[in-house]
Amino acid sequence: MDSGISITAEKLVDVTIKKACHIKIDNQEIIKLVGISSREIAFRVTDSISYWLTSSQNLLLYCKICNKGPFTKKGLYLHLSRLHRQDIKALLEEEIKREVRTAL
């Protein structure tokens with residue numbers, strides 16, 4: 001079960017980072033990644049984790065993980081994907097596990 005959760009978390013890392021950076025995402029992109037049966041869990045998990053990744057002050061974006069910034073949307077996306085990818089994956093795995101437990 002853990003390997004499936006790990007694979008799903010890896011698929012959702014980029015989507016979560018895009019949401020955190022306020023980059024527009026089509027819902028079909030998430031459905032293509034996880035399938036139609038898991039879409040609700042994927043939406044909740046990515047929304048939940050993306051909220052905790054960035055902060056915005058005076059229209060400038062900052063990384064909440066390491067408190068660096070200010071960044072543009074693209075700059076923050078690159079920062080999160082290059083430096084914090086494994087941290088975000090671990091957060092996603094824990095959140096997916098929690099969501100699956102509450103669904104059962």
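Residues numbered from 1 in each chain as written. Predicted model: local features only at pLDDT ≥ 70, side-chain atom pairs only at ≥ 80, totals over all residues. Heavy atoms only, no water.

Novice: For this particular structure, what's the right way to read the environment of aspartate 87?
Specialist: Summarising the element assignment, aspartate 87 is placed in helix H5 (residues 85-103). Separated by 74 residues in sequence, aspartate 87 and valine 13 place their C-alpha atoms 9.8 Å apart. (Helix = DSSP H or I, 4+ residues; strand = E, 2+ residues; numbered from the N terminus.)

Novice: Any chance you could explain the pattern of salt bridges here in plain terms?
Specialist: Where charged atoms from two side chains of opposite charge approach closely, those side chains can pair. A complete count under the given rule lists 10 salt bridges for this structure. The partner of arginine 85 in a salt bridge is aspartate 14, with the nearest N and O atoms 3.1 Å apart. Highlighted residues: arginine 85 in helix H5 and aspartate 14 in helix H1 (residues 2-20), separated in sequence by 71 residues. For arginine 85, a relative accessible area of 22% puts it in the partly exposed group. The exposure class assigned to aspartate 14 is partly exposed, which follows from its relative accessible area of 27%. Residues arginine 44 and glutamate 99 are paired through a salt bridge, measuring 2.9 Å at the closest nitrogen-oxygen approach. Taken together, the positions of arginine 44 in helix H3 (residues 39-51) and glutamate 99 in helix H5 put the pair 55 residues apart, joining distant regions of the chain. Of the residues examined, glutamate 99 reaches a relative accessible area of 9% and is grouped as buried. Via salt bridges that share partners, Glu10, Asp14, Arg85 and Lys89 belong to a single interconnected network. (Salt bridge = Lys/Arg side-chain N within 4 Å of Asp/Glu carboxyl O. Buried < 20%, exposed > 50% of the residue type's maximum accessible area, 1.4 Å probe, protein only.)

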